[in-house]
Amino acid sequence: MAGTAGRRDDRPPRERERRAVERARHWRYEELPGVDLLRARYVHKTFVRHTHENFVIAAIAAGVEVFHHGGSDVSAGAGALALVNPDTPHTGRAGVPEGWRYGAVYPSPEVVAAIAAETTTLRGTPGFVSPVLDDPATVRLVHQVLGAAEQGNALAADTLLRIAVTRLLRLNGGPLPERRPRTAGARIAARARAVLEERMAGPPTLERLATDLGTSPFALLRAFRDTYGMPPHAWLTDARVRRARRLLDAGVRPAEAAVAVGFTDQPHLNRHFARIVGVPPGAYQRERKNVQDRH
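Residues numbered from 1 in each chain as written. Predicted model: local features only at pLDDT ≥ 70, side-chain atom pairs only at ≥ 80, totals over all residues. Heavy atoms only, no water.

**Re the overall build of the protein chain**
Inference 1: Counting secondary structure elements, the protein chain contains 11 helices and 11 strands.
Inference 2: Here the C-alpha atoms of the protein chain give a radius of gyration of 20 Å, agreeing with the 19 Å that 2.2 N^0.38 yields for 295 residues.
Inference 3: Viewed in the frame of its principal axes, the protein chain has a C-alpha envelope of about 60 × 60 × 40 Å.
Inference 4: Considering the protein chain as a whole, with its 295 residues, one finds that 46% of them fall into the buried category.
Inference 5: Long-range contacts, defined here as pairs at least 24 residues apart, represent 72% of the contacts in the protein chain between residues at least 6 apart. (Helix = DSSP H or I, 4+ residues; strand = E, 2+ residues; numbered from the N terminus. Rg over C-alpha atoms; globule rule 2.2 N^0.38 Å. Buried < 20%, exposed > 50% of the residue type's maximum accessible area, 1.4 Å probe, protein only. Contact = heavy atoms within 4.5 Å.)

Here you go:
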């Protein structure tokens, strides 16, 4: 086979630049149960509107990230943290031409609640009040958690994570409002969500869904967006990626997971998965498999 050293790179300049500078690793460390970890540098990456089941604690090391949260764009630069509560719609993109570099931890609600109960006086379900906090000390703590996990230092990773979460809750914590469908529109939206969850691989049209629920398409669209922060089709894509993640964690192959959750094929899953999780499903699953193999 001929060597590749002198082969001309025919990719467009933007694509060559993107592949040269963008990188991401999304993984788990077995000694931090209930916590996902991420190191990434993005330049042209754009995260579509999506949610997470876990908290997002993203520590910006360089550049600026802009994300839509709570009805407006906010930005986090070096030395700041982007903080998103579970099930809160948000986006993500570069705020400067050079993009942004960051490390993130994604602790589950159970992990955060346990830390809050032990180290704070917060009552109810704990969460973050502001989506951006300038606090270089906690930024350093988050990156130290990631470094300890990479080195296999379980004691340091666990200790530093607890210190970081405690500090954030004391600086920017508060009880999350209870989410109960109190209005007629919210109740219809909850029923529509239940139908979409049940029929994820073969969802009805908006018109059929509205008819079955005894309302009009636009009334359902408005109620769903008001309740969940995105229209039904965007919510369904987000939910499909969530379920695909669970299937990948269980060892299901990406192509099989794609069809199981309602995507046309694996490339269809790849596109949406990368725009929500930040890495392709194959890379995501390999990191999960590495953790399982070590067990």
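Structure's up, so let's keep going.
**Describing the packing of aromatic side chains**
Inference 1: For the coordinates displayed, the defined rule picks out 8 aromatic pairs.
Inference 2: Seen in terms of ring centroids, Phe55 and Phe128 are 5.5 Å apart; in terms of plane orientation they differ by 75°. Their pairing is edge-to-face. Placement of Phe55 in the loop between β3 (46-50) and β4 (56-69) and of Phe128 in strand β9 (residues 126-128) is noted, with a sequence separation of 73 residues between them. The exposure classification of Phe55 matches that of Phe128, with both residues buried. (Phe/Tyr/Trp six-rings, centres within 6.5 Å; stacked < 30°, edge-to-face > 60°.)

**Points about the pairing of strand β2 (residues 35-42)**
Inference 1: Burial within β2 is extensive, with 6 of its 8 residues counted as buried.
Inference 2: Both strand β1 (residues 23-28) and β2 contribute to a ladder of 6 bridges, which runs antiparallel. From the neighbouring strand, Arg28 faces β2, where its bridge partner is Asp36.
Inference 3: Counting the residues that bridge the hairpin from β1 to β2 gives 6 residues, and of these Gly34 lies at a positive phi of roughly 80°.
Inference 4: Judged from the 8 bridges that link them, β2 and strand β8 (residues 100-107) form a sheet pairing that is antiparallel. In the sheet register, Tyr42 faces β8, and the bridge partner there is Trp100. (Pairing = 2+ DSSP bridges.)

**Here we look at the pattern of salt bridges**
Inference 1: Overall, the coordinates contain 15 salt bridges when judged by the stated rule.
Inference 2: In this structure, Asp36 engages Arg28 in a salt bridge whose closest nitrogen and oxygen atoms are separated by 2.8 Å.
Inference 3: Residue class for Asp36 comes out buried when judged on its relative accessible area of 5%.
Inference 4: Among the ionic pairs, Arg208 bridges to Asp212, the shortest N-O distance being 3.3 Å. (Salt bridge = Lys/Arg side-chain N within 4 Å of Asp/Glu carboxyl O.)

**Some words on the nonpolar core**
Within soluble globular proteins, side chains that are nonpolar generally end up buried alongside one another.
Inference 1: The biggest cluster of nonpolar side chains holds 31 residues, and the ones touching the most others in it are Leu32, Leu37, Ile57, Leu81 and Val105.
Inference 2: Mapped by element, the contributors of at least two residues to this core are β2, β4, β6 (80-84), α2 (109-119), α3 (136-151) and α4 (154-172).
Inference 3: Setting aside residues no more than four positions away along its own chain, Leu32 makes contact with Leu37, Val145, Ala157, Asp158 and Leu161.
Inference 4: Counting 28 residues, the second largest nonpolar core, distinct from the first, contains Ala210, Leu236, Ala244 and Leu248. (Core = buried A, V, L, I, M, F, W, Y, C linked by side-chain atoms within 4.5 Å.)

**Quick notes on unusual backbone geometry**
Inference 1: Of note, Asp87 is a non-glycine position whose phi angle comes to about 60°, a positive value.
Inference 2: Structurally, Asp87 is set in the loop between β6 and β7 (90-94).
Inference 3: When its relative accessible area of 32% is taken as the criterion, Asp87 is described as partly exposed.

**Considering the packing of helix α5 (residues 184-198) against helix α8 (residues 232-249)**
Inference 1: Two numbers describe how α5 lies on α8: the axes approach to 10 Å, and their chain directions differ by 45°. In terms of their interaxial angle, α5 and α8 are classed as oblique. As α5 packs across α8, the resulting crossing turns out to be right-handed. When α5 is examined against α8, the residues Arg193, Leu196 and Glu197 are found in contact with a partner set consisting of Pro232, Trp235, Leu236 and Arg243. (Axes fitted to C-alpha atoms, helices over the stretch in contact; angles between N-to-C directions. Parallel < 35°, antiparallel > 145°, perpendicular 65-115°, else oblique. Left-handed = near helix turned anticlockwise from the far one by under 90°.)

**Some remarks on the packing of α8 against helix α10 (residues 266-276)**
Inference 1: One way to put it is that α8 packs onto α10 with a least axis distance of 10 Å and a crossing angle of 95°. Between α8 and α10, the angle falls in the class roughly perpendicular. Of the residues in α10, those in contact with Thr237, Asp238, Val241, Ala244, Arg245 and Leu248 of α8 are Leu269, His272, Phe273 and Ile276.
Inference 2: A breakdown of the residues in the contact of α8 with α10 according to their chemical character gives 6 nonpolar, 2 polar and 2 charged. (Nonpolar A, V, L, I, M, F, W, Y, C, P; charged D, E, K, R; others polar.)

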